Amino acid sequence: AQRVTQPEKLLSVFKGAPVELKCNYSYSGSPELFWYVQYSRQRLQLLLRHISRESIKGFTADLNKGETSFHLKKPFAQEEDSAMYYCALSEANFNKFYFGSGTKLNVKP
Amino acid sequence: GAGVSQTPSNKVTEKGKYVELRCDPISGHTALYWYRQSLGQGPEFLIYFQGTGAADDSGLPNDRFFAVRPEGSVSTLKIQRTERGDSAVYLCASSLTGTIDTQYFGPGTRLTVL
């Protein structure tokens, strides 16, 4: 069963525009949600996690349990935000992680 | 300090051969994860080690896949009788304790089965 869905394969925005990368999940229980980012020719790395309720590089994500969504948002996109973004879910014990198929964000000058 | 390393970076093999992929986690990290990433997809969970033991191997696709971590540090993913469908990037990640700690990913091994 598909646990994490990222409906957009590619998202293109202009520099300074708001950006929202969508993530929906399917899981019974209380999952933990994460966003990972992979910049060109770099390793996959953690961007932010719901449990920390943090803002990293201007990105935030709110968990909406009613809509089972964890969309990633940034009010003003920068060119250096161009990367692949993956939404991920872990079971409560953190033994197992499920990743979405990713969204490529392209921020145009 | 050194991050997670994986060797080889690329592996080309023929259908039916046996391959081993190695992961060196960050020193002191007790948790280690293996993932497989096919083209255009996100990482797919394979197995999770806590120390020397496989705490969750439910992601291994079949009995051709096996992984070990005998001393609680380096891990080896072993694939027997490789098939063309095994071609993918195999990622390793480690975290300090395996709870909410950040997972640090390696660069991956690109496996191509001809």
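Along each chain, residue indices are assigned from 1 in the same order as the chain's sequence is written. Labels follow written order: the first chain is A, the first ligand is 1, and so on. Side-chain atom pairs in this predicted model are given and counted only at pLDDT of 80 or more, local residue features only at pLDDT of at least 70, and totals for whole chains, interfaces and linings cover all residues. Note that the side-chain values use all heavy atoms of the structure and ignore hydrogens as well as water.

(A) Region of the structure containing the confidence of the model for chain A. Considering every residue of chain A, the mean pLDDT works out to 92; 98% of them sit at 70 or more. For chain A, per-element mean pLDDT is lowest for strand β7 (residues 60–64) of chain A, which scores 90, and highest for strand β11 (residues 103–108) of chain A, which scores 98. Looking at any residue, its pLDDT shows the predictor's confidence there, from 0 to 100. Helix and strand definitions follow DSSP, with helices as H or I runs of at least four residues and strands as E runs of at least two, each counted in order from the N terminus.

(B) Molecular detail of the side chain of Asn95(A). Note that Asn95(A) resides in the loop between β9 (83–90) and β10 (97–99). Taking relative accessible area as the criterion, Asn95(A) reaches 15% and is therefore assigned buried. The contact criterion used is simple: two residues touch if any of their non-hydrogen atoms lie within 4.5 Å. Setting aside residues no more than four positions away along its own chain, Asn95(A) makes contact with Tyr33(B), Phe45(B), Tyr48(B), Ala55(B) and Asp56(B). Per-residue accessibility, obtained with a 1.4 Å probe over protein chains only, is compared with the maximum for each type, and a residue is labelled buried under 20%, exposed over 50%, and partly exposed between these values.

(C) How the structure looks around the sheet that holds strand β3 (residues 19–24) of chain B. Residue and element names in this part refer to chain B. Two strands are counted as paired when DSSP detects at least two bridges linking them. Pairing within the open sheet is antiparallel, and its 4 strands lie in the order β1-β3-β8-β7. The open sheet has two edge strands, β1 (5–7) and β7 (65–68), and neither has a second partner. Neighbouring strand axes in the sheet, compared pairwise and without regard to direction, differ in orientation by 15° on average. A fitted line through C-alpha atoms represents every axis, and for helices the fit uses only the stretch in contact; the resulting angles, taken between N-to-C directions, go from 0 to 180 degrees.

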